[in-house]
Amino acid sequence: MQGSSLPPGLCFLLCFFGAVTPKIKASCANCPANASCVNNSHCTCNSGYVSGSGQKLFTFPLETCNDINECEPPYSVYCGLNAACHNVKGSFYCRCVPGYRLQSGKERFSNSSGNTCQDTNSSKTTQGRKELQKIVDTFESLLSNQTLWRTEGRQEISSTATTILRDVELKVLETALKAPEQKVQKIQNSSVAIETRVITDNCSEERQTFNLNVQMNSMDIHCNDVIQGDTQGPSAVAFISYSSLGNIINATFFEETDEKERVFLNSQVVSAAIGPKRNVSLSKSVTLTFQHVKTNHSIKKVFCVYWETTKQGGLWSRDGCFLIHVNKSHTMCNCSHLSSFAVLMALTSQVLCAIIAGALHYLYLAAFTWMLLEGLHLFLTARNLTVVNYSSINRLMKWIMFPVGYGVPAVIVAISAASRPHFYGTANRCWLHLDQGFIWGFLGPVCAIFSVNLVFFILVFWILKRKLSSLNSEVSTIQNTRMLAFKATAQLFILGCTWCLGFLQVGPAAQVMAYLFTIINSLQGFFIFLVYCLLSQQVQKQYQKWFREIVKSKSESEAYTLSSKMGPDSKPSEGDVFPGQVKRKY
C-alpha cells in the first residue's frame, strides 16, 4: 500500500509543533539548584526547600530554592523529651541532649516516635529529675483544685498565681544547680513543662546564645546574661511553660486597652528565670516565640505582655516587651527583662457577630418567656378544671401574653446592649461574653423562669391529684381529666424543664448528657404540636368543621356542574329517561 502524501498546510503545522516541543522540554534545563523538573514544563523545589516566591511550581529562570529550617517556627519539629532538633541543608535530624543517648547507640533519629533517649549520668542526676517531677506534679494538683480558684476573688487569684510562679521558678533553679553535671534537663506533664540548662564554665564562642524549647514555645537568651559575670560557680537558666494557667490569669487582668476591644490570651503562659543570682534585667533582649492556642483570622492587635507583680497581686503589662513578628500560628516577642510572659490578642470589630449574638440572646429569652406564659396558662387551666372552655383564661392571657412574651426579652437585651455592647460576640463564637458576669443577662432570667415553671408543674399535679380523688363516675369528666394529666406530663418538655440536663454536663458522663440534652430538647416542637394540635378538642372540632365544609362544597360543585350541562333549552335524546318515566320498547 502506497503512503499518501500530506497536504502542505498539515506538513507546516506538524513541523511547527515539532520545533516548539523541544523548546518546552528544554525549559527544565533552567531549574535552579535544589530543584527538579515536573512534567517537562515546570520546576519545583526539592523536599526540604521552598521557593523564594513561595510558589510550588515555577518557570522563572532566576527563582531560588531556599533551605527550610524545620527546627524553628512555624514548623518547630518536636523531637520529644531530652532531645533537640538540628537543621541541615534540605533536611533535619533529632539528637539527644548532652547526658542522654539512644538505646540503640545511634546518634540521630527522625522524630519523637523514635525518641529513646536515656539518662547516662549518676544517681544524683536521677534524683534531680525526681525532684523536678515532684515540682510539676505539685503544680498540677494546685491547678486542678477548682475550689481554690472558684472561691477566691480577683485580687486573691492574682496573688496566688504570683506566689505559685515565683515558687516554681525558685525550686526549679535550685534543683538544676544541685546537679550541675546534668547540663540539660527536660520534664513535663499535662499542665507544665520545664527545660533547664546549667553552665559550669565561661561562655564559649560557639554557644553565645542558648535556645530552650518546651511545648512548642521557645526562648533565645544570651550566655552572658545567664552567668551574669559570675565565673566561680555554675549558673542555670530555666524555661517553664504552663498549659492551663492562662485560663486563670486570663485577659481580664490586662488593663492597657480600650474596653470596647475584645482581648483574649492566645498562648501558653511561660516563665524565664536565671540563677543563682535572681537578676531580671538583661544586657541583651531575650527572644520568645509563642505558638498560638487558636488560629483566628480577624486579629486587630497583638500584645506581648509579662506578669507584673503589684500590691494587689499582679496583672499583665507591656513594659519592656515588643512585638517582632506574628503569623497565623506563632508570635515572636523581644523582652528586656525576665518574668512570666504571654501573648494577648484583640479582635477586629465584628459587627455581624455581635448582631447574631444579640439576636440569639433575644430569641432564646423570648422562647423561655413564652414557656413561662405557658406554665401560667397551664396552672390557670388546671385550677379551673377545664380543658375546653378557655374564655375566662383567655381574657387575661390575651392582654398580657404578647407584651410580656416579646416585650420583656426586648427590655433585657436593650439594657444589656446599652451597658456593655462590646460583650456581644467572643473570640470563638457569636454569643455572650463570660467576663464580668455578662452571661447572667441570659442565665438569670432563664434560671428564674425554670424555677417558676417547676413550681407551676408541681401545683398542677397536686390539683389533678385532688380532682381525681373526688371525681364521680361520669365518663366524660374522667376522660377530660385524664387528658389534662397527659398534657401536664407533656408540659415537662414544653415548659423547658428538660433544660436542667445542661447542668449535668460535667464529669465522665458529660458527652452522654450532651447528646440527651440535644435530642430531648429538639423534641419540644413535636410536643407542642402533639398537645395543642392533635390532642386539642377545639382544634379537632375545627378540623372536622373544615372537612365538612370541604365535602359540602365539593358536592355542591358537582351538582352545579351537572345542572349546567343540562341547560333549560336542551332537549332529551331518545335514550334519555327522566325520573318517573319508563322507557318503552318497540
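This text goes with the structure placed above it.
Residues numbered from 1 in each chain as written. Predicted model: local features only at pLDDT ≥ 70, side-chain atom pairs only at ≥ 80, totals over all residues. Heavy atoms only, no water.

Examining the overall build of the protein
Argument step 1. What the protein contains, in helices and strands, is 12 helices and 21 strands.
Argument step 2. Taken over 586 residues, the protein has a buried fraction of 37%.
Argument step 3. A separation of at least 24 residues holds for 61% of the contacts in the protein among residues at least 6 apart in sequence.
Argument step 4. In the structure as shown, the protein presents an accessible area of about 34000 Å², 58% of it carried by carbon and sulfur atoms. (Helix = DSSP H or I, 4+ residues; strand = E, 2+ residues; numbered from the N terminus. Buried < 20%, exposed > 50% of the residue type's maximum accessible area, 1.4 Å probe, protein only. Contact = heavy atoms within 4.5 Å. Areas by Shrake-Rupley, 256 points an atom, 1.4 Å probe, with all protein chains shown as cover.)

Details of the state of the cysteines
Argument step 1. All chains considered together, the criterion is met by eight disulfides.
Argument step 2. Disulfide pairing is shown between Cys31 and Cys43; the S-S distance is 1.8 Å. Between Cys31 and Cys43 the sulfur-sulfur dihedral comes to about -85 degrees; the bridge is accordingly left-handed. Here Cys43 lies in strand 2 (residues 42-45) and Cys31 lies in the loop between helix 1 (8-26) and strand 1 (35-38), a separation of 12 residues in the sequence. (Disulfide = S-S within 2.5 Å.)

Re the sheet that holds strand 19 (residues 321-326)
Argument step 1. Read from one edge of the open sheet, five strands run 11-12-16-20-19, paired in antiparallel fashion. Edge positions in the sheet fall to strand 11 (209-214) and strand 19, since each of these pairs with one other strand and no more. Strand-to-strand twist of the sheet, defined as the mean angle between neighbouring strand axes without regard to direction, takes the value 20 degrees. (Pairing = 2+ DSSP bridges. Axes fitted to C-alpha atoms, helices over the stretch in contact; angles between N-to-C directions.)

Thoughts on unusual backbone geometry
Argument step 1. The peptide bond linking Gly275 to Pro276 adopts the cis configuration, its omega dihedral lying at 10 degrees.
Argument step 2. Note on placement: Pro276 falls in the loop between strand 15 (269-275) and strand 16 (281-291).
Argument step 3. A positive phi is found at Gln215, a non-glycine position, where the angle reads about 50 degrees.

A look at the environment of Trp499
Argument step 1. Examined against the element boundaries, Trp499 turns out to sit in the loop between helix 9 (475-494) and helix 10 (510-522).
Argument step 2. The class for Trp499 is partly exposed, based on a relative accessible area of 24%.
Argument step 3. The sequence separation of Trp499 and Thr518 amounts to 19 residues, and the corresponding C-alpha distance is 9.4 Å.
Argument step 4. With sequence-adjacent residues up to four places away left out, Trp499 is seen in contact with Tyr364, Phe368, Met371, Phe517 and Asn521.

Digging into helix 11 (residues 524-534)
Argument step 1. Within the span of helix 11, buried status applies to Gln524, Phe527, Leu530 and Val531. Projected down its long axis, helix 11 shows its buried positions confined to an angular sector of 125 degrees, all on one face. (Arc of directions from axis to C-beta.)

Looking at the nonpolar core
Argument step 1. In this structure, Val168, Val172, Tyr242, Leu245, Trp316 and Leu344 are the most contacted members of the largest nonpolar core, which totals 39 residues.
Argument step 2. When contributions to this core are tallied by element, the ones reaching two or more residues are helix 2 (123-143), helix 4 (154-178), strand 10 (192-199), strand 13 (235-242), strand 14 (263-265), strand 15, strand 17 (299-308) and strand 21 (340-347).
Argument step 3. With eight residues, the top contributor of residues to this core is helix 4.
Argument step 4. Other than its neighbours up to four places away in sequence, Val168 contacts Ile135, Phe139, Ile240 and Tyr242.
Argument step 5. Core analysis: the second largest hydrophobic core is formed by 32 residues, Val237, Phe264, Val302 and Cys321 among them. (Core = buried A, V, L, I, M, F, W, Y, C linked by side-chain atoms within 4.5 Å.)

Notes on the pairing of strand 6 (residues 91-96)
Argument step 1. Here strand 5 (residues 83-88) runs beside strand 6; their pairing, made up of six bridges, is antiparallel. Counted as the bridge partner of Ala83 is Cys96 from strand 6.
Argument step 2. The turn joining strand 5 and strand 6, which pair antiparallel and follow one another in sequence, is formed by two residues; a positive phi near 80 degrees is taken by Gly90.

A word on the side chain of Ser339
Argument step 1. Its place among the elements puts Ser339 in the loop between strand 20 (330-337) and strand 21.
Argument step 2. From its side chain, Ser339 meets the backbone oxygen of Trp307 in a polar contact 3.1 Å long.
Argument step 3. Beyond its immediate sequence surroundings of up to four residues, Ser339 is in contact with Glu169, Val270, Ser271, Ala272, Tyr306 and Trp307. (Polar contact = N/O pair within 3.5 Å; in protein donor to acceptor, adjacent residues only side chain to side chain.)

Comments concerning the packing of aromatic side chains
Argument step 1. Here the structure, examined in full by the defined rule, presents 16 aromatic pairs.
Argument step 2. Between Phe254 and Phe303, the ring centres sit 5.2 Å apart and the planes meet at 45 degrees, which makes this aromatic pair tilted. Pair noted here: Phe254 is in the loop between strand 13 and strand 14 and Phe303 is in strand 17, with a separation of 49 residues, a long-range link.
Argument step 3. On the basis of relative accessibility, which here comes to 6%, the residue Phe254 falls in the buried class.
Argument step 4. A relative accessible area of 6% places Phe303 in the buried class.
Argument step 5. Of the aromatic side chains, those joined through ring pairs into one cluster are Tyr364, Phe368, Trp431 and Phe442.
Argument step 6. Between Arg108 and the ring centre of Tyr93, over which it is positioned, the NZ or CZ distance is 3.8 Å.
Argument step 7. Above the face of the Phe253 ring, Arg154 is positioned so that its terminal group lies 4.5 Å from the ring centre. (Phe/Tyr/Trp six-rings, centres within 6.5 Å; stacked < 30°, edge-to-face > 60°. Lys NZ or Arg CZ within 6 Å of the ring centre and 35° of its normal.)

Regarding the pattern of salt bridges
Argument step 1. If you walk through the whole model with that rule in mind, you get six salt bridges.
Argument step 2. Between Lys178 and Glu131 there is a salt bridge, with its nearest N and O atoms 3.8 Å apart. Residue Lys178 is found in helix 4, and its partner Glu131 is found in helix 2; the two are separated by 47 residues along the sequence.
Argument step 3. For Lys178, a relative accessible area of 43% puts it in the partly exposed group.
Argument step 4. A relative accessible area of 24% places Glu131 in the partly exposed class.
Argument step 5. Taken together, the salt bridges that share partners define one network made up of Glu131, Glu174 and Lys178. (Salt bridge = Lys/Arg side-chain N within 4 Å of Asp/Glu carboxyl O.)

Some details on the pairing of strand 19
Argument step 1. The pairing of strand 19 with strand 20 spans five bridges and is classified as antiparallel. From the neighbouring strand, Cys321 faces strand 20, where its bridge partner is Cys335.

Considerations on the environment of Met371
Argument step 1. With respect to the helices and strands, Met371 occurs in helix 6 (residues 351-384).
Argument step 2. Given the relative accessible area of 5%, Met371 is considered buried.
Argument step 3. Sequence separation of Met371 and Ile449 is 78 residues, and the distance between their C-alpha atoms is 7.9 Å.
Argument step 4. Every residue in contact with Met371, bar those within four places of it in the chain, is listed here: Asn453, Ile494, Leu495, Gly496, Trp499 and Gln524.

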